[in-house]
Each structure stands twice: as C-alpha cells, then as structure tokens.
Amino acid sequence: MKNLIIAFCTMATLSVACKSKSSADEIGIAKQATIDSVNAVNNARQQVIDSVNLEKIEQAKQEKANGSRLRSGSSSSSGSSASTSAPATTQQKKGWSSTAKGAVIGAGAGALTGALVSKQKGTGAIVGGVLGAGAGAATGAIIDKNKKKKQQQ
C-alpha cells in the first residue's frame, strides 16, 4: 500500500509537471491528483484503524479464554496463569503511522512553499502539496520500515 501511494504521487507529479496544457487544465489535474493522494492516505489510515480494532477483538478473545481457564483451574495454578497472561498483552499502536504523518506534513509544507515560490499561487500550492505529500509519505515509509526492523530484532 505504501509503495502504491508513493508510485501514485510520483506519477501524478510527473503527469502534472510534464504536460503543457492551459493553466485551468493544470489546476484541474493537480486538484484531482491531490484529492487522490489524500484519499490514498485516508485509505492507509483506515487500514491501520481496522487492524488495531481487529487486534483489540483478538486480545479480548484471549483474555476471555484466559479468564475461563482461571476459573476452571485450582487456586495455585490460577496464580501462575495470571502472571503469564499479563506479559502476553502487546502494546497496541496508537495514532497515525509515520507514512501518514509524513504525507500530511509534507503536503502542508509543500503547499506553503509552492504558494510562496510560484507566481501562480494556486497552482504552486497544489503542485507543491502533491510533491510534498509524496516526499513525506516516502520518508515516513522509510521510518516505518526501520521501526519494524528494530521491533523484530
């Protein structure tokens, strides 16, 4: 999904930058590319939310199963089961992924820079936002990848 977002932003940027159409067409294309980029980020964010919700459901099932084992066992075995179930809970990821954060921050910074630098403020903001979102998403994806590697070690 992350690679798809990066590839899409790159293609949108190249298509906007390489075509020599009227400024109204360029603005329309850039607007659509920005909307598509934001939708892709929202889809990625929704996938994270769904996976966290799924993890919560699975954790609740495990706690329920551990609770039924505790009630069926003797008091000496329940003490050991309770001590082993506490470390089994995993720390759940909260908030946005680094990819989503990078895309949003990059889009904002790119739009601001594009509006300040360009003579055509609207077009510059849109193109800058798309480029910034792509660069931010790419940077965030690298950060996420490095975090995942560290967690596996």
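Residues numbered from 1 in each chain as written. Predicted model: local features only at pLDDT ≥ 70, side-chain atom pairs only at ≥ 80, totals over all residues. Heavy atoms only, no water.

Colleague: Account for the overall build of the chain, with residues named and values stated.
Modeller: Looking only at helices and strands, the chain features five helices and zero strands. In the chain, which comprises 153 residues, the proportion classed as buried is 25%. Across the chain, every contact between residues at least 6 apart in sequence was considered, and the portion connecting residues at least 24 apart equals 72%. Element-wise, carbon and sulfur atoms account for 60% of the exposed surface of the chain, whose accessible area totals about 10200 Å². (Helix = DSSP H or I, 4+ residues; strand = E, 2+ residues; numbered from the N terminus. Buried < 20%, exposed > 50% of the residue type's maximum accessible area, 1.4 Å probe, protein only. Contact = heavy atoms within 4.5 Å. Areas by Shrake-Rupley, 256 points an atom, 1.4 Å probe, with all protein chains shown as cover.)

Colleague: Can you tell me about the environment of isoleucine 35, naming the residues and giving the values?
Modeller: Positionally, isoleucine 35 belongs in helix α2 (residues 23–72). For isoleucine 35 and valine 130, which are 95 residues apart along the polypeptide, the C-alpha to C-alpha distance reads 9.3 Å.

Colleague: Give me the side chain of serine 98: which residues, what numbers.
Modeller: Tracing the backbone shows serine 98 in helix α4 (residues 98–117). Engagement of the side chain of serine 98 in a polar contact is seen with the side chain of lysine 147, the distance being 3.3 Å. The residues touching serine 98, leaving out its near neighbours within four places in the chain, are Gly140, Ile143, Asp144 and Lys147. (Polar contact = N/O pair within 3.5 Å; in protein donor to acceptor, adjacent residues only side chain to side chain.)

Colleague: Which residues make up a nonpolar patch on the surface, and what values do they have?
Modeller: Together, Leu112, Leu116 and Val117 make up an exposed nonpolar region whose accessible area comes to about 350 Å². By the element assignment, valine 117 lies in helix α4. (Patch = residues over 30% accessible without salt bridge, like charges linked within 9 Å, V, L, I, M, F, W, Y side chains within 5 Å. Salt bridge = Lys/Arg side-chain N within 4 Å of Asp/Glu carboxyl O.)

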